[in-house]
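A closer look at the structure
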Amino acid sequence: SGTALLAGSMLHPRVRLEATASGVAFRQVKLGSARLEATQEGDALAFSAASPGLEASGEVTLSGRYPFRAHAALALEDATRLLEGGAPAGLRIRAVGELDAEGELEAWRDAHVEARLSQLQGSYADLRVEATSEARLTAAGGRWDLLPLRVQGPNTALAVSGAWLPDGELDVAASGAVDLRLLSGLVPTLRRSSGQLAVEARLSGTPQQPLVVGSGKLIDGTFQVKGAAATFTGVSGGMAFSHNRVIFDRIDATVNGGQGRFKGELELARLVPVRLRAEGVLDEVPGVVPNLMPATLSGRLEAIGTPESATLTGRLHVVRARYTSDVDLQGSLLRRRAPPLPRAYDRAGEWLRLDVQLV
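Residues numbered from 1 in each chain as written. Predicted model: local features only at pLDDT ≥ 70, side-chain atom pairs only at ≥ 80, totals over all residues. Heavy atoms only, no water.

**A few points about the overall build of the protein**
Scanning the protein for helices and strands turns up two helices and 22 strands. In terms of overall dimensions, the protein is more spread out than a globule: its C-alpha atoms have a radius of gyration of 28 Å, far above the 21 Å expected for 359 residues. In the protein, buried positions account for 28% of the 359 residues. Within the protein, residue pairs in contact and separated by at least 24 positions form 37% of the contacts whose partners lie at least 6 positions apart. Accessible area for the protein stands at about 22500 Å²; split by element, carbon and sulfur atoms hold 56% of it. (Helix = DSSP H or I, 4+ residues; strand = E, 2+ residues; numbered from the N terminus. Rg over C-alpha atoms; globule rule 2.2 N^0.38 Å. Buried < 20%, exposed > 50% of the residue type's maximum accessible area, 1.4 Å probe, protein only. Contact = heavy atoms within 4.5 Å. Areas by Shrake-Rupley, 256 points an atom, 1.4 Å probe, with all protein chains shown as cover.)

**Remarks on the pairing of strand β13 (residues 170-179)**
Note that strand β12 (residues 156-164) and β13 share eight bridges and pair antiparallel. Paired with Gly162 across the bridge in β13 is Val172. Once β12 ends, the chain turns through five residues before running back antiparallel as β13, passing Gly168 with a positive phi of about 90°. Across eight bridges, the pairing between β13 and strand β14 (residues 190-205) is antiparallel. Among the inter-strand pairings, Gly176 is bridged to a residue of β14, identified as Val199. (Pairing = 2+ DSSP bridges.)

**A look at the nonpolar core**
Leu197, Leu218, Phe232, Val235, Met239, Phe241 and Phe262 are the most contacted members of the largest nonpolar core, which totals 38 residues. If we ignore the near neighbours within four places in the chain, the residues touching Met239 are Leu197, Ser215, Gly216, Leu218, Val246, Ile247 and Phe248. (Core = buried A, V, L, I, M, F, W, Y, C linked by side-chain atoms within 4.5 Å.)

**Some details on the packing of aromatic side chains**
Taken as a whole and assessed by the stated rule, the structure comprises two aromatic pairs. Taking the centre distance of 4.9 Å and the plane angle of 20° together, the rings of Phe223 and Phe232 count as stacked. Phe232 carries the same exposure label as Phe223, and that label is buried. One aromatic cluster is present, built from ring pairs that chain together Phe223, Phe232 and Phe262. (Phe/Tyr/Trp six-rings, centres within 6.5 Å; stacked < 30°, edge-to-face > 60°.)

**Describing the side chain of Thr138**
Tracing the sequence through the fold places Thr138 in strand β10 (residues 135-140). Thr138 sits in the buried class, given a relative accessible area of 18%.

**With respect to the pattern of salt bridges**
Per the counting criterion, the structure on display carries 17 salt bridges. A salt bridge links Arg16 to Glu18, with the shortest nitrogen-to-oxygen separation between them at 2.8 Å. Across the pair Glu37 and Arg35 runs a salt bridge whose closest N-O atoms are separated by 4.0 Å. By sharing partners, the salt bridges in this structure join Glu98, Asp100, Glu114, Arg116 and Arg136 into a single network. (Salt bridge = Lys/Arg side-chain N within 4 Å of Asp/Glu carboxyl O.)

**Some remarks on the side chain of Asp179**
Topologically, Asp179 is positioned in strand β13. A polar side-chain atom of Asp179 sits 3.5 Å from a polar atom in the side chain of Asn155. A polar atom in the side chain of Asp179 sits 2.9 Å from the backbone nitrogen of Arg181. Those residues in contact with Asp179 that sit more than four places away from it in its chain are Leu127, Pro154, Asn155, Thr156 and Gly195. (Polar contact = N/O pair within 3.5 Å; in protein donor to acceptor, adjacent residues only side chain to side chain.)

**Quick look at a nonpolar patch on the surface**
Residues Leu62, Tyr66, Leu105 and Trp108 make up a contiguous nonpolar surface patch of about 390 Å² in total accessible area. For Trp108, the location among the structural elements is in the loop between β7 (91-104) and β8 (112-124). You can call Trp108 exposed: its relative accessible area is 53%. (Patch = residues over 30% accessible without salt bridge, like charges linked within 9 Å, V, L, I, M, F, W, Y side chains within 5 Å.)

**Description of unusual backbone geometry**
At Leu271, a residue that is not glycine, the phi angle is positive and equals roughly 70°. Counting through the fold element by element, Leu271 comes out in the loop between β18 (258-269) and β19 (272-288). Among the residues examined, Leu271 registers a relative accessible area of 39% and is labelled partly exposed. For Glu284, which is not a glycine, the phi torsion comes out positive at approximately 50°.

**Some words on the environment of Arg14**
In this structure, Arg14 sits in strand β2 (residues 13-26). Judged by relative accessible area, which is 41%, Arg14 ranks as partly exposed. Each C-alpha atom, one on Arg14 and one on Asp43, is 9.5 Å from the other, the two residues being 29 residues apart in sequence. Not counting residues up to four positions away in its chain, the partners in contact with Arg14 are Leu5, Leu6, Ala7, Gly8, Gln40 and Glu41.

See below:
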């Protein structure tokens, strides 16, 4: 809704526009409510616009190659709402800064742009990391450059720099260590992650299909698998990043107090794990199969699938098992309880299929 005024002549028009809108979105980026004001005097156009956390203003000359200048300020408590396609649940990014742009609309890709973020913070659950200095991003001739940026937080010290080239290719380098608690947001089947991942990697490809090469090392990792009575601690070992895969030849871990050794690979899509193939050798790992019978197991397992649907196969030896339960015949005969009401089974929570031999 809004108002518009047209005056003057066809050669020298005077236009004034004021408008407000709700539910504004560009592609998959949701801006919410917005306000726009624009005035034109001859071939000079001035505008201003605002939405929650964003303000922009600028001038355009409506002749020649349409030269323009623009300025924007942002103060976003959660900038993930501006990410196309959204972000993992629980991830929040706080950004405060300014942006200046100057160029010609007929060659807008060659415009000069400089963005400065005085505050840049990311958080997931109780983990928070932030830039230790002003983040600066510049663009000229269709090339975007990220000046060296250092991010710090608990168990995290990461240096990032690079460029987005005119042909659409990425050239970004990252080195340092990150907190493994971020895994809980990227891999839904993991719970209570902790530890460190040291990385030395370079990012290429495009924003839609990024590729990463380099190496990493897990340091004292801990996590639980959703829906399984398995806790992994002391997870340590090296890995290699090869384009859209993460390959690990040997990862050692303590599983429920027993020993485990694993190898395999992860397939990535936009840097998020989408498919797994892993093999593991277990040595006297405590488990419960079924829940009434605690047992110690040894053997070999293989997991193949996605975070939403996987199959576990292999052969496990029951080293020892013990069933204990108090027997109260008199009490069970005298007490008559109504059977519990049946509950409808929800298959939506199923993600793991079993094909495991027990010996």
